[in-house]
Amino acid sequence: MDISVAAIMSIVALVIVVVISCVNEDLNVGFLSIAFAIIVGGFWGDTAGTKVLGYFPTGLFMILVGVTFLFGMAQTNGTMEKLTAYSVRLCKGNTAIVPLIVFLLTTFIVTIGPGNIAGTALMAPVAMAIATRINMPALLMTLLVVGAANGAAFSPFAPTGIISNGIIAKMAPGLGIATEQLSGLAWKIHFNSEIAQGFVNIGGFFVLGGWAWIQKQRGQALNIDELAPRPEPFNKHQILTLLAVFILILLVILPGLPATKGLFSKAMMNILANVGTIAFILAGVLMLTGSGDSKAAIKVIPWGVIMMVCGVTVLIEVMDKAGGLNALVKLIGAISNPTTINGVLGFVTGLLSAYSSSSGVVMPMFLPMVPGLIQEVGGGNPIALISSINIGAHLVDTSPLSTLGALCIACAGEHEDKAKLFRNLLMWGLAMSVVGGIVCYIFFGILGF
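These remarks concern the structure in this document. (Residues numbered from 1 in each chain as written. Predicted model: local features only at pLDDT ≥ 70, side-chain atom pairs only at ≥ 80, totals over all residues. Heavy atoms only, no water.)

Turning our attention to helix 6 (residues 98-111). Given a rise of 1.5 Å per residue, 14 residues ought to cover 20 Å, and the 20 Å separating the end C-alpha atoms of helix 6 matches this to within 8%. Within the span of helix 6, buried status applies to Val98, Pro99, Ile101, Val102, Phe103, Leu105, Thr106, Thr107, Ile109, Val110 and Thr111. Contacts made by the buried residues of helix 6 are with helix 5 (79-88), helix 7 (116-133), helix 8 (138-151), helix 10 (182-217) and helix 11 (224-227). Immediately beyond the C-terminal end of helix 6, within one or two residues, lies Gly113, with a positive phi of roughly 145 degrees. (Helix = DSSP H or I, 4+ residues; strand = E, 2+ residues; numbered from the N terminus. Expected span 1.5 Å × (residues − 1). Buried < 20%, exposed > 50% of the residue type's maximum accessible area, 1.4 Å probe, protein only. Contact = heavy atoms within 4.5 Å.)

With that settled, the discussion passes to the environment of Thr277. Tracing the backbone through its elements, the reader meets Thr277 in helix 14 (residues 275-288). Each C-alpha atom, one on Thr277 and one on Gly66, is 7.1 Å from the other, the two residues being 211 residues apart in sequence. In contact with Thr277, not counting residues within four places along its chain, are Ile271 and Leu272. Of the polar contacts made by the side chain of Thr277, one reaches the backbone oxygen of Ile271; its length is 2.7 Å. (Polar contact = N/O pair within 3.5 Å; in protein donor to acceptor, adjacent residues only side chain to side chain.)

All right, on to empty space enclosed by the protein then. This model, assessed by the stated rule, comprises 1 cavity of 30 Å³ or more. What lines the largest cavity is Phe71, Gln75, Met80, Ile109, Pro114, Ala118, Gly119 and Leu122. Per element, the largest residue contribution to the lining of the largest cavity is 3 residues, and it comes from helix 7. Here the lining of the largest cavity is built from residues that sort into 6 nonpolar, 2 polar and no charged. (1 Å grid on protein atoms, 1.4 Å probe; cavity = no way out; pocket = protein on both sides within 12 Å on 5 of 7 lines; lining within 4 Å. Points joined across faces, edges and corners; volume = space filled by probe spheres on them. Nonpolar A, V, L, I, M, F, W, Y, C, P; charged D, E, K, R; others polar.)

Time to look at the pattern of salt bridges. One pass over the structure, following the stated rule, counts 3 salt bridges. When the shortest N-O distance is used, the salt bridge between Lys170 and Glu317 registers 2.6 Å. Taken together, the residues Lys170 in helix 9 (residues 159-175) and Glu317 in helix 16 (residues 303-322) connect sequence positions 147 residues apart. The exposure class of Lys170 is exposed, given its relative accessible area of 53%. With relative accessibility at 13%, the residue Glu317 sits in the buried group. (Salt bridge = Lys/Arg side-chain N within 4 Å of Asp/Glu carboxyl O.)

Relative orientation of the contacting elements helix 10 and helix 23 (residues 418-446) amounts to 130 degrees, with a least axis distance of 11 Å. In terms of orientation, helix 10 and helix 23 fall into the oblique class. Read as a crossing pair, helix 10 and helix 23 show a hand that is right-handed. Across from Asn192, Ile195, Ala196, Phe199, Val200, Asn201, Gly204 and Leu208 in helix 10, the residues of helix 23 making contact are Trp428, Met432, Val435, Val439, Phe443 and Phe444. Considering only residue class, the contact of helix 10 with helix 23 consists of 11 nonpolar, 3 polar and no charged. (Axes fitted to C-alpha atoms, helices over the stretch in contact; angles between N-to-C directions. Parallel < 35°, antiparallel > 145°, perpendicular 65-115°, else oblique. Left-handed = near helix turned anticlockwise from the far one by under 90°.)

In this model, helix 18 (residues 341-353) (13 residues) spans 18 Å end to end at C-alpha, consistent with the 18 Å of a helix rising 1.5 Å per residue. For helix 18, the complete set of buried residues consists of Ile341, Asn342, Gly343, Val344, Leu345, Gly346, Thr349, Gly350 and Ser353. Where helix 18 is buried, its residues touch helix 17 (324-333), helix 19 (358-366), helix 20 (370-377), helix 21 (382-395) and helix 23.

What follows covers the nonpolar core. Note on soluble globular proteins: their nonpolar side chains tend to be buried together. Counting residues in each nonpolar core, the largest one holds 124 residues, and the members touching the most others are Met141 and Met369. Membership of the second largest hydrophobic core comes to 14 residues, among which are Ala196, Ala354, Ala384 and Cys440. (Core = buried A, V, L, I, M, F, W, Y, C linked by side-chain atoms within 4.5 Å.)

Residues Phe347, Leu351, Val434, Ile438, Tyr441, Ile442, Ile446 and Leu447 make up a contiguous nonpolar surface patch of roughly 690 Å² in combined accessible area. Only helix 18 and helix 23 provide two or more residues apiece to the nonpolar patch. If you tally residues by element for the nonpolar patch, the top one is helix 23, at 5 residues. Relative to the helices and strands, Leu351 is located in helix 18. (Patch = residues over 30% accessible without salt bridge, like charges linked within 9 Å, V, L, I, M, F, W, Y side chains within 5 Å. Areas by Shrake-Rupley, 256 points an atom, 1.4 Å probe, with all protein chains shown as cover.)

A few words now on the packing of aromatic side chains. All chains considered together, the criterion is met by 9 aromatic pairs. Summarising the aromatic geometry, the rings of Phe157 and Trp187 are spaced 5.7 Å apart at their centres and angled 70 degrees between planes, so their arrangement reads as edge-to-face. One end of the pair, Phe157, is in the loop between helix 8 and helix 9; the other, Trp187, is in helix 10, and 30 residues separate them in sequence. On the basis of relative accessibility, which here comes to 2%, the residue Phe157 falls in the buried class. What makes Trp187 partly exposed here is its relative accessible area of 30%. Linked through ring pairs, Phe56, Phe61 and Trp303 together constitute an aromatic cluster. (Phe/Tyr/Trp six-rings, centres within 6.5 Å; stacked < 30°, edge-to-face > 60°.)

The next point concerns the packing of helix 1 (residues 5-23) against helix 2 (residues 29-43). When two helices pack together, their arrangement is given by the angle between the helix axes and the distance between those axes. One way to put it is that helix 1 packs onto helix 2 with a least axis distance of 10 Å and a crossing angle of 165 degrees. Taken as axis vectors, helix 1 and helix 2 run roughly antiparallel relative to one another. In the crossing of helix 1 with helix 2, the sense of the turn from one axis to the other is right-handed. Of the residues in helix 2, those touching helix 1 at Ala6, Met9, Ser10, Ala13, Ile16, Val17, Ile20 and Ser21 are Val29, Leu32, Ser33, Phe36 and Val40. Of the residues contributing to the contact of helix 1 with helix 2, the split by class is 10 nonpolar, 3 polar and no charged.

Right, let's get into unusual backbone geometry. Of note in the backbone geometry, Asp46 takes a positive phi value of approximately 50 degrees without being a glycine. Note that Asp46 resides in the loop between helix 2 and helix 3 (49-53). One non-glycine residue, Asn135, lies in positive phi territory at about 60 degrees.

Structure, rendered in structure tokens:
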């Protein structure tokens, strides 16, 4: 395979970025990626630095900021916390159904928009306190919370789903995907994630002692006010925030339904261009009505992750122009066929994500390879390949090396042996790279999900 110097240097730059992201969490590799992209483009790619900066995915950046800003206000004004507290009370003190309530509640919270990191940060303190009260091992509760959060992470309203869908939209023409199909595909990718994550993490919950724990709890009950004290009623600002979230979901779904074609004018469709534009408008309403604290919301926006995604995307764009992306595609394609490619992607992305950022580094690196991989191996379902990358990259996030696993350890009860919990979660997380490869191979290569 004949590879140009520019292609080789772009690959070297990406490898350096990935290695640094694995060994130094304090260094934001998004900014580093932009620096490397300018150097590679200028010295070997005959590309001016100003043109390289033009590769910055402004549209994706604005969508992520808009959505996370809106949910930042929902988080900082207490709306999400009260919604969680009221939902936990649905078990009415029946401890045996607490795992189901926690899993479904985490799924719902993440699906409507905050994302897997914010959703876990919201749920982990509540879930771990409940685990302590009902004598559930912290390991089992972690599988439920992280599994549900990552399963729902690819919702079209959530930051990780927005990242995935933004990259897919960019490469849609190369995959033969029409613009009007993107909304349906986004939900399909979300569904695939829910099924795979649910299968692995709920299965792990039962195998590692969850079923035996549930058997012991049958007939047991606690005072619901002791398990989850009743919060204050929603105030008018929080009710308006809930209404804003409901409107966001409605205005994202309705325009894509066949039954609503022609219902919205051209001007309205311009405004409802994507989830980001809607989020900015609704956030503006919350600010003007005094329902949201913009300063507090800005502080909780995950700026680091957003810049990682956008920065690595710039480097990948330079790499693509230089021929480096095509070289990596050929390398992966050489050890794969249309069936096994799903398992290979699930394993490789899981292995890298165990030490690196799933959505900030691994997804922007691998998702753009999909059109080339399909061509290289002579076939394959693009949605299956995309799902394999997304799921493989996130199954390992139960590891304490990830933000989600670390949040759960930090919130575990004082009675827990946290060193042992760290080891168990680390072993589980690393094993998920292998499990992810197998699950992606079976679900998407054999069963054709």
